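# Working through the structure, step by step
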Amino acid sequence: MAHLGLVGIGVMGSAFALNLAEEGHSVSMLDRTMAKMEAVQEKGKAENLSGELIACADAKALIDSLPTPRTVMLLVPSGKPLDGAIDMLKPLLAKGDMIADLGNSYFKETERRTTELEAEGLYFLGMGISGGAEGARHGPSIMAGGSKESWARVQEPLRDAAAKFEGSPCVDWFGPGGSGHFIKMIHNGIEYADMQQIAEAYGLMRDGLGMDAAEIADVFQGWMKGPLNSYLIEIAGEVAAAVDPKTGTAMLDLILDKAGQKGTGRWSVVEALHLGSPNSLMAAGVEARNLSAQKDQRIVWEAAFGASLEPLGTDKAKVLAQLENAMIAAKICAYVQGFEVLKAASVEFDWNLKMGAIARVWRAGCIIRSVFLDEIAEVFDADDTANLALAPKFKTYLQDTMPALQELMGLAVARGAHVPALFAALSFFNMSRTGQSTANMIQGLRDRFGAHTFERLDDLGVKVNGPWHD
Ligand code: 6PG
């Protein structure tokens, strides 16, 4: 059994410490607040957990309590607090000791930290951990990156603590440096796209079909019986069904419509832009959160122009059936884009990522877990270079559901709906199936104003200028 250090006993840290202790591993904890660690110890005792939970008064006590070579995991906010914790530990650690960062760190920062710590003879592992507090306690999905030696040190306790999909632990090492955090970042980007699609479906039902929260909850619950079966749809049903104990009204109706964000979604979009990999669904998710935050301005615009969404018509059953299929089509597009970004990053950073292994780790424990992920894993296990959209099963899904997305978008846009993620999926699909695009016009314009040259269809490989330069 392992004995690990854990710095940062917040909501996630306490849950993860208890999880490791339940699996029989011992954890030396360090937090600014002794009471938090004592609460974890009490819970551990009450639940009769076999691993020891040690509360350390300071960093020295933490380091002294660990067997060598030591492993200290950090669950502190990324950025400056994380660097502060590393700086605090570094002078106390000996060569061969290891620090593992379990936060949502920016992958390039993970690369920097890895280089700096390895130069001092220390190991560093960058790990994304998904599943919220519930996952951290009962089984998260974990995406690790760093040296293989670092991974070897922690793989046993992490396998024990991770979520299991049909017995197989949802944790893996994917490659060197910041690769684990990059994968977690894209996980979160898909999470943004999924959540935006859910919010759009909710909006179409609430404002387009005049449904109340309880009725909307029933629809989400119904979707759990089909291909949309996923954690986020499940909890969307719970959120829509919940009633505020204070007022007796639907909780959802009382929540301020300004979405928060900590940065991983935005990073996913920026990185995909750098890689030149289409990523319009995550971008729609981030943009919509940005616009949601400007509530005061939205109220002014509504007064100036009128509210946008008019009723979607009376054939509610038909619209709801289209909506379910539209959600399937869009969800697949988000996966297609997400995995293509991962492939592009793998080539760019020479990580040799295995798409099948990533999909397998996402099958349980994480926020984006869904029945699709097992099917996605199967596709990539058979051919890691496959484009998901063209794999027979997903091709059929898209062929079956895209007409509904197309029809619904026609109706929704005509009635003034704001559906950026669903619409992005349709646009992405339609442009992707257009062999002859309109980029010849862009090339013509670039050449006309800047002599940037273009290739002629009848003489490929040769850069030429157009007649406008003669
Ligand atoms: C997870 C979540 C988790 C966190 C997000 C929230 O996988 O468990 O993604 O990491 O909830 O970072 O991100 P936002 O605050 O940006 O929505």
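Everything below is about the structure shown above.
These numbers were taken from a predicted model, which means no experiment stands behind them.

The next subject is the nonpolar core. Judged by nonpolar contacts, the single largest core of 93 residues is most densely connected at M205, F339 and W362. Here this core takes 17 residues from helix α14 (residues 316-349), the largest share from any one element. Lining this core are residues from two domains, each supplying at least three of them: domain 1 (3-177) and domain 2 (184-432). Residue contacts for M205: discarding those within four places in its chain leaves G210, M211, I216, V219, F220, W223, L320 and L323. Among the nonpolar cores identified, the runner-up in size contains 33 residues, and L6, I9, F16 and V27 belong to it.

Quick look at the side chain of K343 now. Tracing the backbone through its elements, the reader meets K343 in helix α14. In terms of polar contacts, K343 uses its side chain to reach the backbone carbonyl oxygen of A386, at 2.5 Å.

Moving on to the environment of S141. Position of S141 relative to the elements: it lies in strand β7 (residues 141-146). Spatially, the C-alpha atoms of S141 and P420 are 29 Å apart, while their sequence positions differ by 279 residues. Not counting chain neighbours up to four residues away, the residues in contact with S141 comprise G128, I129, S130, C170, V361, W362, A364, G365 and C366. Here the side chain of S141 touches V361 through a polar contact of 2.7 Å, landing on its backbone oxygen.

What follows concerns the pairing of strand β6 (residues 123-130). Counting buried positions along β6 yields seven of eight residues, so the element is predominantly enclosed. Where strand β5 (residues 98-101) and β6 come together, four bridges link them in parallel fashion. Looking at β6, one finds that M98 is bridged to Y123.

So, how was this worked out
- Residues numbered from 1 in each chain as written.
- Predicted model: local features only at pLDDT ≥ 70, side-chain atom pairs only at ≥ 80, totals over all residues.
- Heavy atoms only, no water.
- Core = buried A, V, L, I, M, F, W, Y, C linked by side-chain atoms within 4.5 Å.
- Buried < 20%, exposed > 50% of the residue type's maximum accessible area, 1.4 Å probe, protein only.
- Helix = DSSP H or I, 4+ residues; strand = E, 2+ residues; numbered from the N terminus.
- Domains from an automatic or database assignment.
- Contact = heavy atoms within 4.5 Å.
- Polar contact = N/O pair within 3.5 Å; in protein donor to acceptor, adjacent residues only side chain to side chain.
- Pairing = 2+ DSSP bridges.

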